[in-house]
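This is what each chain is made of:
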Amino acid sequence: MFLVVKAVETVFGDHRSKVKVAVLGFIKELFSSGVENCSAWGLVAYVFREFSRATSRLETGNLSEREAVAETALQTLCLHVLDTLDVSASGMTRLLWPRLLQFVVPAQYTGTLVPLSRCLRELVERQERAEEKEEPNYLCYQERAKLPTPQALLVRLLVLACSPYEGGGHGAVALQLLKTLHRAIHRAVGIPWMAQIPSLLQYLEGKDESSLDYAEWECRLLQFLRTSLEAIKNETWNMKLNGELTQQMAHYPNFSKEKNFLYKAVGGALAASQNISYIEEQLQSYLERVRRLEPSEREGPISVLASSAEGHFDLALKTVHDFAAAGENRRLPRVFTLQKEHQKENGAKTAAAVMLIYSKIALHAPKQQLLARVETDIVENILCQYRTSPQDTELKLALIQSVTEVSCALQGVGTCENFSFASKRVLLELVLDFMKQEPLDCVASPVRYRAILAVEHLSKIKPSLTQKENCHLLQECFRSLFPLPPLEQTKEGEAADDAEHAEALYTRSLEALARLMTSLEEELTLSWLKETFHLLEAWLRSGKEWERERALYACTHLLKTYTERLEDARENSSEQFGSMIGVLGPLSCDSLATSRQRAVDCISCLLSTQGKVMHTREVDLNHFCEELMAADVDSLLRTSSKIAKVACKSFCSEQARGFLKAVLGSMLSFSPTCARAAGEWMLIFLKECGREMLLEVPEILTILYDHLPAAQQGSLKEFLFEAVSVLGCYHPEAVTNSLLQRHLPMDSDTVELWRTLGRGIFAIEMLQLLMGKLESAEDTPARSNCLDEEGSDNLAALEPLMVTCALRELVYSLEPRESVSLLLPRLFPMLLKQISNTLGKELPSSAGRVEDEPVLVASGEGSSPCRLSIKALDTVLCKCISEKCMGILRKQNTWAFLENPQTYHEGMCLLTSVLLQTDVVTVTTIRAVLPWLDSPSANLRIMAASFFAELMKAPMLQKWKLLQPVRRALVDKSLDASSTVRRMAVRGLGNLASGAPEKLRKHKKAILKALMRAIKDVTSSEIVGESLSALAKVVAELGEKDIGVTFKEIALYTKTFFDVDEAVLRSSAFTLYGVLASSAKRKWKSFLGKEITTSTWTRIMLHLQDPDPEVCNACRSTFLLCTPFLGLQKLQTQVALNTEKSAEELQEAVCSHLARDMPELLQSVYDTLQTYFWSSCWGMRTAAIQLAGKRQS
C-alpha cells in the first residue's frame, strides 16, 4: 500500500480533470479501508489543495462554461471525499490529528468547513474517550509550524460566526467547532463555553438571513470574546490575540463585514487587557492611523478606540484628549502656504474623526461612569472640535452623528432622576441650523436625513421639551424635507448611482421623519395628534403635488401609529375627527395616485379611531382603492363621493364645525379637482347629517358666510350657496334666523345667499317665516315714528329692515310667480307698513360695518332704510303685476316720491292709482290698511289716508261694502293732527264724487262741512288747495240745488284766494269759481252775477296774465264762464271771438269794446285795477298797469 500511495503521488502534478477525478476516487477508497502503515497525509492535503484550486479558478470568472462545470464537479467531489472520511478507520486518528487544524484558518478552505468541522469534532471526541490506545503521530518541526495558534483558531472561527448564514450556514458550524476545540484554545474557557456557545446557537434558531439582527448578533459575539479573555486572564495570551486579530484583518478588504468585526474585536481585547502601557500604546497607534486614513476608512480604527472604553473609559478619554490637543498645537510657518492649506484640510478631517471617537466612546462607556463625564469630557470636546475647525459638510455630518451617538448612549443608561442634559438645546439648535442650510433644490448630502435622526434621539433625553418646542422641531423638519423637488426632476442629468443615492436618502429621510413625529412626545396623546396634524395641514393644502404626497406619507404614519396605540377609547378624539376628515377627504381626488391611496388610508385610520370611541363596527375602505387608480376626473369624484357617504355615517353633531372649516379651507386651497371634491364632501355631509344639526345651524352658516369672500371661482361659490340651501331644507327657521344677523346694507354674497334660498323647494315656507317675523316686528310698538314730533328717533328698527331686505332677495328668485301672488294680499300691506316705518330714517349704528370691511351694496341701492323697503316692494310687485304697470310706476318716478318724506303721500297716491288697474288691491288689503288711519304713527296714517284718498275714485269700496267706514274715517281724519293726513282726507272726500256720487249726495252735509273746514285751515296752504280742488269735484257733481246755502259761502270764500301768493291756491280757486259759475242755474245765479259784476270779473280778467301758466289756463276757462253773468251780449260775442288769442290780445279786445260801447264798465274795471298797482306780486302789478294803459289808448 505504501508503494501504491507513492505511485499515486507522482501524478499529483497532472492537472487533467480525469486524472484528478481518478486520484480523488482512489483517495476515497483508501480512506474507507484504513491507512495503517502507510504515509497518506499527502493524499489528505491533496484533497484540500484541489478544492482550494477549484474555488480560486471559479472566483476568477475567466472560465468557459465547460471549464466552470468541470471545476464545480471537482469541487463537489472534494467535498464528497471529505464528507465520507471515516476517522474511525484504522490509523485515521493518528494520521489526521492534529494536522487537520492547519486547514481551519486559511480563508481558501472556508468551503470545507462543514466536513472539516465534523472530522475535527469526531477526532476530539475519540481523543477524549481514549478509545484508541494508539500513540499520536509524531510531528516534525515543520509540521508543527503549520498548525494554527490558539489565538488564530479563535479569531478565525469567530470571524466565520459573525456571518452565520454564508456558505450554507457555517456560523453555527464554526461555533460548534469552537466549543469542541476549547482545549486547543485555552484550558480556562472550557466551563464558560459550555454555557455560552449553546446560548449563541439558540439565538440563531428560528432565524434566517432576513430576520437576524446582525448588530445584536455581533454584540453577542464580541461579548463572548471579552468574557473569554476575562476567563483566560493572561496578558501575554491577550497580546498574541491582538496580534492575530491585526494579522487576519489584513486578509479582508476594507469595509467588509469581517474586517469591521475584527476591529471591534481588537477593541474588545484591549478592553479586557490590564496592561495599561500596552493599551495606551495601541490606542495612540490607532489614533495616528485615524489621522492618516481617509474619512471613509476610519470607521474600523475608531471602533477599536471606542470598544476599548468598555474596560478603560478614563484612559480612552485621556488618550483622545491628548491626541486632539497635540493636533491643535501643530503649526507650520506662514511661508508654507500650500502646506498650510493641506494641513487645514487634514485638520478638519481629523477633527471630524475625533468628534466621532468621542461619541463612540460614549456608546461603549460603562453606564455608571458616563453621566458624570458626558458633558464636560465628551460633549464639550466635540463642540470644541467643531467650533475650532473649518466647517464643511464632513464636519457637519460628524457633529450630527456624534449628537446621535451621544443621545443613544444616554438613552442606554436608562432613567436617572438626577441627570439633566444641559447641552440638549445647544445641540438641537446646531442640528436644526444644519437642516436650514441645506439646499432645497436637491438631495445631495445625507445631512438632512442624519439631522432628523439626531433630533429623534436627542429629543428623548431629559430635560423634556415642551409641546411648543417639539412642534417647532417638526415644523423645521417639514420645511427642510417637503419642499424638495420630486425625484423625477432631481434624476434628470444625474448619473444612475447619484440618482439612486438621492432616492435612498430621500426615502430614509421620510421614514425618519415619520418616526420622529410619533416619538417626540413620551405618549402619543390626542393633543399631540392635533398639533402635529395642524402642522401637516398647510402642506396637505400645498399647491405642489409632491409636497402634498410627502405630507400624506407622514400623516398616514402618524394616524396609523395613533390608531394602533389607542387602547383607551375614553380619550375622545371626536373633536378632531371632523377637521381631519375635512382636510383629508378632498385629497382622495388628488392628482397623484399615491396621494389618493394615502388619503384613503388616513381616512380609514380616522374611521377606525372613531369606531373605537363610538363603539361602532370598523369601516373598510380598501375596496375603493382600485377605483381611485382611475385617471378620469369624473370617476374620481364619484368614488370620492362614495367614500364621503361612508365617512359621514361616523359623524356626530359636535364635529360639524371642525369639518366644515377644514373642508372649506380645502375647497379654497386645492387644485380645481380637489376643490370640487371638497364641495361634494361638504354637500354630502350636510345632506347626510344636516337633519340632526339644528343647534349647530348658526355656527355652520357663519363658517360658510365667512368663506364666501375668498371663493373667487363661481363654481366654488355655488357649492357654498347650495350648502346653505341644503341646511334651509332641513331647518328653514334656523337658517332664516341666522342669516338675518348679517349686516346692512347687504353685501353681494348675502344677497346671493337669499336668492339661492329663493330657488329652493322650501322658499315659500321661508317666505312665510319672513312675513311672520316682519308682522311681529311691525306690531312691536316703535319708540317714535312721528315725524311731527321734535326729537323723534331718527334710526330705523334693524330687525324688520333686515327681514325686509331678505324678503326682497328671496322673492327675487322665487318661482313660479303665482306663488308670490297668492301671498300678496298679506305681503303688500306688510311692506307698505315697513316703508312707512322707515320713512326718513337712517341705518342704526349696529348695522354698520367694521372699519376696513368692504361694503358691497346689493343692486346699487345705497343705504337708505326706506329705499331698501321700497326696493322690496318693487321686487314683489314685479312678480305680481304686468311690465306695463311697472313701467308706469317708474315713469311717474313713484319710488322717488315715496322715499321722500315731503312727497311720500303723493307717491302713495301714484302707487295706488296704478295698482287699481291690477288685482293687487283686495278686500284683505283694504281691511289691513283701514286700521292704520287710527295709528299713533303719523307716517302710517298718512299712508292709509293717501291710499284711501286714491281708492275713493274706484267703485270697489262700495262693492265690498267698505265705503261707509272709509268715508267716516276720512271725515274724522280731516281733523287729524297731521296736516298731510288732513290733506289726504280732504282729497279722498273730493274723490268720492267720481267713485260713489250717490253716496256723496247722501252724505253731502258732512262732507261739505269737512271741506269748508279745510278751506279755512290757516295752518296749511296745502290743505286749503286740496279743499278747493275737492270742492270743485263735489260742486260739479252735486250742483247748486244739492249744495244749498253752502254755495254762497263757497263762492265768497273762493274769491279770497284769487290774489294769494301760492299759485296752486290761485289756480284751484279759479277752477272752483268756474265750476260754481257753471253750476249756478237758478237760485244762486243772480247772486253770483252780482258778485261777478262788481269786481270779480275784472280780477279774473287781470289774472289772464298771471305769472303762473297753470293759473292762466284755469283763469281763462273761468273768465269765459263768468262773462255771460254780465248780461252784455255784444261783450260776450267779442270774448267768444277772441278766445283762441293770447291773454294780452283778449284783454285788449275786451277793453276796446268797453271803451267804445260801455265806458262806465271800463271805468269800473280801471278802479279795480288801481288796487293792484301796489300788489306784492311784481307780475300782477305789471299786468294791472299794462291793462290800465289799454284804457288810455
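This text gives an overview of the structure that appears in the document. Keep in mind that this is a model prediction, so the values were computed, not measured.

Conventions adopted
- Residues numbered from 1 in each chain as written.
- Predicted model: local features only at pLDDT ≥ 70, side-chain atom pairs only at ≥ 80, totals over all residues.
- Heavy atoms only, no water.
- Axes fitted to C-alpha atoms, helices over the stretch in contact; angles between N-to-C directions.
- Helix = DSSP H or I, 4+ residues; strand = E, 2+ residues; numbered from the N terminus.
- Parallel < 35°, antiparallel > 145°, perpendicular 65-115°, else oblique.
- Left-handed = near helix turned anticlockwise from the far one by under 90°.
- Contact = heavy atoms within 4.5 Å.
- Phe/Tyr/Trp six-rings, centres within 6.5 Å; stacked < 30°, edge-to-face > 60°.
- Buried < 20%, exposed > 50% of the residue type's maximum accessible area, 1.4 Å probe, protein only.
- Lys NZ or Arg CZ within 6 Å of the ring centre and 35° of its normal.
- Expected span 1.5 Å × (residues − 1).
- Core = buried A, V, L, I, M, F, W, Y, C linked by side-chain atoms within 4.5 Å.
- Salt bridge = Lys/Arg side-chain N within 4 Å of Asp/Glu carboxyl O.
- Disulfide = S-S within 2.5 Å.
- Nonpolar A, V, L, I, M, F, W, Y, C, P; charged D, E, K, R; others polar.

Where helix α14 (residues 257-272) meets helix α15 (residues 276-292), the closest approach of the two axes is 10 Å, and the angle between their N-to-C directions is 150°. When the axes of α14 and α15 are compared, the pair comes out roughly antiparallel. Taken as a pair, α14 and α15 cross one another with a handedness that is left-handed. Residue-level inspection shows Y263, V266 and L270 of α14 in contact with α15, the latter providing Y278, I279, Q282, L283, Y286 and R289.

Moving on, we come to the packing of aromatic side chains. Under the definition given, this model contains 21 aromatic pairs. Between the aromatic rings of F651 and F685, the centroid separation amounts to 4.9 Å while the plane-to-plane angle is 65°, which identifies the pairing as edge-to-face. Here F651 is found in the loop between α30 (633-648) and α31 (656-669), whereas its partner F685 is found in helix α32 (residues 672-689), with 34 residues between them in sequence. Residue class for F685 comes out buried when judged on its relative accessible area of 0%. Arranged with centres 4.5 Å apart and planes meeting at 45°, the rings of F659 and F685 form a pair that is tilted. Here F659, found in helix α31, pairs with F685, found in helix α32; they are 26 residues apart in sequence, far enough to count as distant. Residue classification places F659 among the buried residues on the basis of a relative accessible area of 0%. These aromatic residues form a ring-pair network of at least three members: F577, F651, F659 and F685. Note that K257 overlies the ring of Y214, its terminal NZ or CZ placed 4.3 Å from the centroid. The cationic tip of R508 hangs over the ring face of Y449; the distance from NZ or CZ to the ring centre is 5.3 Å.

Between its first and last C-alpha atoms helix α43 (residues 904-915) spans 17 Å; for 12 residues at 1.5 Å apiece the expected length is 16 Å, and the two agree. Within α43, nine of the 12 residues are buried, which leaves it mostly tucked inside the rest of the structure. Listing the buried residues of α43 in full gives Y904, H905, G907, M908, C909, L911, T912, V914 and L915.

Bringing the nonpolar core into the picture now. Grouped together as the largest cluster of nonpolar side chains are 402 residues, with contacts concentrated most on L100, L584, M682, W754, L877 and L911. Dropping the residues within four chain positions of it, L911 is found in contact with F828, L832, L873, L877, L889, T894, W895 and L898.

Another point: the pattern of salt bridges. For the coordinates displayed, the defined rule picks out 45 salt bridges. E627 serves as the salt-bridge partner of K642, at 3.5 Å between the closest nitrogen and oxygen. You can see K642 sitting in helix α30 and its partner E627 sitting in the loop between α29 (593-614) and α30, a full 15 residues away along the chain. We classify K642 as partly exposed; its relative accessible area is 41%. Under the relative-accessibility criterion, E627 is labelled partly exposed at 31%. A salt bridge links D1042 to R1001, with the shortest nitrogen-to-oxygen separation between them at 3.6 Å. In this pair, D1042 is assigned in helix α51 (residues 1021-1043) and R1001 in helix α49 (residues 997-1002), connecting sequence segments 41 residues apart.

Here we take up the environment of L607. Along the chain, L607 falls in helix α29. On the accessibility criterion, L607 (2% relative accessible area) is buried. With 44 residues separating them along the chain, L607 and F651 place their C-alpha atoms 9.4 Å apart.

Time to look at the state of the cysteines. Across all of its chains, the model carries zero disulfides by this definition. Summary of cysteine pairing: C1122 is not part of a disulfide, and the nearest cysteine sulfur, belonging to C1115, is at 8.9 Å.

The next thing to look at is unusual backbone geometry. Keep in mind that most residues, glycine aside, have a negative phi and that most peptide bonds are trans. Note that the residue after W97, namely P98, is joined by a cis bond; omega there is 0°. Looking at where P98 falls in the secondary structure, it is placed in the loop between α5 (92-96) and α6 (113-129). Cis geometry marks the peptide bond from E815 to P816, where omega comes out at 0°. With respect to the secondary-structure elements, P816 resides in the loop between α38 (798-812) and α39 (817-838). The backbone of K233 shows a phi angle near 50°, a positive value even though the residue is not glycine. Among the structural elements, K233 can be located in the loop between α12 (214-232) and α13 (235-249). By relative accessible area, K233 is classed as exposed at 72%.

Here we take up the packing of helix α8 (residues 150-162) against α13. Here α8 crosses α13 at 50°, and the two axes come no closer than 9 Å. Our classification of the angle between α8 and α13 gives oblique. Note that α8 runs across α13; the crossing there is right-handed. On the side of α8, the interface is formed by P150, Q151, A152, L154, V155 and R156, while α13 contributes W237, K240, L241, E244, L245 and Q248. Of the residues in the contact of α8 with α13, the class split is seven nonpolar, two polar and three charged.

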